[in-house]
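Below are the chains, spelled out letter by letter.
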Protein chains: 2
Amino acid sequence: MAKEFLGKRLVTADEARATFAAAWSPRYEPETVPTADALGRVLAERVVSPEDLPPFRRSLMDGFACRATDISVVPVTLRVVADVPMGEVTDAVLGPGEAARVPTGGMLPENADVVVPVEQTRSVEITGAEGVEIHTALTAGRHLIERGEDVTVGEEVLPARHRLRPADVGALMGLGLVQVSVFRLPVVGILSTGDEVVPSEETPPLGKVRDLNSYSLAAYVQSLGGVASRFGIVKDDPELLHAAAAAALAECDVLILNAGTSVGPKDVVAGVIQRLGAPGVLVHGVDIRPGKPTIFAVCGGKPVFGLPGQPVSVLNTFDQFVAPVLRQMLLIADEPRTLTARLTEDLRSADGREDHVRVRLQQRDDGWWA
Amino acid sequence: MAKEFLGKRLVTADEARATFAAAWSPRYEPETVPTADALGRVLAERVVSPEDLPPFRRSLMDGFACRATDISVVPVTLRVVADVPMGEVTDAVLGPGEAARVPTGGMLPENADVVVPVEQTRSVEITGAEGVEIHTALTAGRHLIERGEDVTVGEEVLPARHRLRPADVGALMGLGLVQVSVFRLPVVGILSTGDEVVPSEETPPLGKVRDLNSYSLAAYVQSLGGVASRFGIVKDDPELLHAAAAAALAECDVLILNAGTSVGPKDVVAGVIQRLGAPGVLVHGVDIRPGKPTIFAVCGGKPVFGLPGQPVSVLNTFDQFVAPVLRQMLLIADEPRTLTARLTEDLRSADGREDHVRVRLQQRDDGWWA
């Protein structure tokens, strides 16, 4: 006998996900943000370099810039004809037998094609000038970085859809790209319903309970990298709830209505969602425990979920159904963490139903036990 | 021959870490924050429940509350003597053969010790009253949750040093604990030095470069969960730099001075750090590549680091030396991610020196290659 919920066949978790996936796919909208605030954001387009980096041939060491042909036989003494200050342009041009003192990061004079680290040199006096004795024969290109060696104008620095890491933020700032085009973060609206729910700041009169689900849901959204927006608590009144839900949906990319999805006389959530926009409710009732009364809907192109009110159910259904949708919107690879463990006691599940049971894990000599 | 840096023996990375660890250990200071903003924060003290949760015996189903002794033989018809509204107190007291309609989450009348889900009942007419026919024999305690079953007054809800997850945020809000005592997040000050460094917004004149390290460092701090505070760019002038560093250190828990730790004529960072407070510079020069000129210091109880200016060096030294200190301050278990791969080409390392080489990983049929 097919299992039913509200007179309809109860769908499996996978059927519910498939029905939803057939009706909705994410849109990725770009927005421009300061690069300094863009850690973890996903690039909306590839970034190409606006310039050569480094913009000039730089020394990688404190030492002496010279011509490799002059130091092929060592020791050799060169005349120090220039002293390149850090951060300054040099117009020195090295002739044969000449060297210039350069700091790490400093610009190399024309004709210099190698840098000898200061530790491999010794200052000497020569007639009428400062001299430096070079102790190590180095080949052209040592201890320097060529203009454009890191990146050249027009070269791709980062591909589209790349998630920015700390070094990327620095690299973009180094190129003067102080703004960057990234995908907008999804905003998830959370609306609590129920005559029995009071704000968390209040001491609930007997019979009522404090709102807690809107906070755990908001924190869960935040932990995935989305933006949560709580829209307060609304009474179980269809008109009030519809007005609040429509207003919330207008400001969000995803809307979660929490509580009131079961079959009590005041459960108005499914009807309210149906009125929010086409195609409306896709699934009402999923064969998992806890979480049976879950609603999947798409209203005006936006995912809308009705999640049950019990605190464990709401987190389980969020984890099973909403989190994968948010990961898709956030371009996070879906990696369920699974681990196989033996049970310390038997758990019985109704035929065909998925049961989600919270366990405590323990590593014993013979493996994991739950 | 012992390797030297600035005339002193170059210490190994492990020696540098050990010297630092002997001179400094983190202090954990509590602060009170709104619970709704406390995801990922670490509790400064254990949390005990200020009340019983649930505060009354609640139904877990929409159905009929009754006495288990009355439904040990089914079918049986009971008189419906009350209708408990959601979120309201009921003063009903069930006598033998009596039931009350209850919603999910609703308060149970006195003497009710079981809830029969509405699907397992049928409405019937009985003389002078509403009746309900019960189809399933259930034992006492089914489909309800006792007062204090989740948590009782004074019971520990979460231990000290627990990192708050989404469900914890909700649980605390459900207990009315809208504020929570957590450890303060470390603030890491970042000060860039160098006559050649210009702000990232500017087009650098030839010879100068844009600041990028302060942004990658700030993003790295942020990625670990710390708070980064950039203090701008200061010229290579000992007095200016000392004033800026002292002002920054006063506002931070950790200070990073970036660039200027090598041996060029303008490298004033070590001297500046030495003047910031006792014991001052502990290590100057570590036998790793890249990153040799790294400085470890403790000034007035706060870690101070001098990191080299080259963008790859600065991230490597942050990763090797600063990140472990921040993880310790943030109470994050130190888990270096390691993977063994074969090299596609030989890399030679000087005797005793740790070389840190960035590689591209590739999974081939015969394993990982770098």
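Predicted model, so just to flag it, every value in this text is computed and none were measured. (Residues numbered from 1 in each chain as written. Chains lettered and ligands numbered in written order. Predicted model: local features only at pLDDT ≥ 70, side-chain atom pairs only at ≥ 80, totals over all residues. Heavy atoms only, no water.)

Draft legend 1. Structural detail: the state of the cysteines. All names here are of chain A. Across all of its chains, the model carries 0 disulfides over all chains by this definition. Here Cys299 is not disulfide-linked; the sulfur of Cys252 is the nearest cysteine sulfur, at 13 Å. In this structure Cys299 comes out as buried when scored by relative accessible area, which is 2%. (Disulfide = S-S within 2.5 Å. Buried < 20%, exposed > 50% of the residue type's maximum accessible area, 1.4 Å probe, protein only.)

Draft legend 2. Summary view of the packing of aromatic side chains. All names here are of chain A. Scanning the model with the defined rule gives 14 aromatic pairs over all chains in all. Between the aromatic rings of Tyr28 and Phe183, the centroid separation amounts to 5.4 Å while the plane-to-plane angle is 50°, which identifies the pairing as tilted. Placement of Tyr28 in the loop between α1 (13-23) and β3 (30-34) and of Phe183 in strand β14 (residues 179-183) is noted, with a sequence separation of 155 residues between them. The exposure class assigned to Phe183 is buried, which follows from its relative accessible area of 11%. Taken together, the aromatic side chains of Phe20, Trp24, Phe296, Phe305 and Phe321 make up a single cluster linked through ring pairs. A cation over a ring is seen here: Arg161 above Tyr28, with NZ or CZ 4.8 Å from the ring centre. (Phe/Tyr/Trp six-rings, centres within 6.5 Å; stacked < 30°, edge-to-face > 60°. Helix = DSSP H or I, 4+ residues; strand = E, 2+ residues; numbered from the N terminus. Lys NZ or Arg CZ within 6 Å of the ring centre and 35° of its normal.)

Draft legend 3. Examining the packing of helix α2 (residues 166-174) of chain A against helix α3 (residues 213-224) of chain B more closely. Between α2 of chain A and α3 of chain B, the shortest axis-to-axis distance is 7 Å and the interhelical angle comes to 155°. The angle between α2 of chain A and α3 of chain B places the two elements in the roughly antiparallel class. Here the hand of the crossing between α2 of chain A and α3 of chain B comes out right-handed. On α3 of chain B, the residues touching Pro166, Ala167, Val169, Gly170 and Met173 of chain A of α2 of chain A are Tyr215, Ser216, Ala219, Tyr220 and Ser223 of chain B. Broken down by class, the residue content of the contact of α2 of chain A with α3 of chain B amounts to 7 nonpolar, 3 polar and no charged. (Axes fitted to C-alpha atoms, helices over the stretch in contact; angles between N-to-C directions. Parallel < 35°, antiparallel > 145°, perpendicular 65-115°, else oblique. Left-handed = near helix turned anticlockwise from the far one by under 90°. Contact = heavy atoms within 4.5 Å. Nonpolar A, V, L, I, M, F, W, Y, C, P; charged D, E, K, R; others polar.)

Draft legend 4. A look at helix α2 (residues 166-174) of chain B. For α2 of chain B, the tally of buried residues reaches 7 of 9 residues, placing the bulk of the element in the interior. Next to the buried residues of α2 of chain B lie β17 (209-210) and α3 (213-224) of chain A together with β4 (47-48), β13 (156-158) and β14 (179-183) of chain B. Count one or two residues on from α2 of chain B and you reach Gly176 of chain B, which has phi positive near 80°.

Draft legend 5. Expanded view of helix α1 (residues 13-23) of chain B. Residues and elements named next belong to chain B. For α1, every residue scored as buried is listed here: Ala13, Ala16 and Phe20. Summarising the axial view, the buried residues of α1 lie within an arc of 65°, below the 170-degree limit, and thus occupy one face. Residues of α1 that are exposed and angled more than 90 degrees away from the buried face: Asp14, Ala21 and Ala22. (Arc of directions from axis to C-beta.)

Draft legend 6. Broad picture of the interface of chain A and chain B. On the chain B side, the residues contacting the 48 residues of chain A number 48 residues. Carbon and sulfur atoms supply 67% of the area buried between chain A and chain B, which totals about 4000 Å² over both sides. It is Met86, Leu206 and Arg210 of chain A in chain A that bury the most area against chain B; as a group they hold 14% of the surface buried on that side. On the surface where chain A and chain B come into contact, there are 4 salt bridges. For Lys208 of chain A, the salt bridge goes to Glu88 of chain B, with nearest N and O atoms at 3.5 Å. Linking chain A with chain B are 7 residue pairs in polar contact (both at pLDDT 80 or more). (Buried area = accessible area lost by both parts, 1.4 Å probe. Salt bridge = Lys/Arg side-chain N within 4 Å of Asp/Glu carboxyl O. Polar contact = N/O pair within 3.5 Å; in protein donor to acceptor, adjacent residues only side chain to side chain.)

Draft legend 7. Just the relation of the copies chain A and chain B, in detail. Superposition record for chain A on chain B: RMSD 0.1 Å, screw rotation 180°, translation along axis 0.0 Å. Such a combination of turn and shift is consistent with a two-fold rotation axis. An overlap of 100% is found between the interface residues of chain A and their copies at the interface of chain B, pointing to a shared contact surface. (Least-squares fit on C-alpha atoms with pLDDT ≥ 70 in both.)

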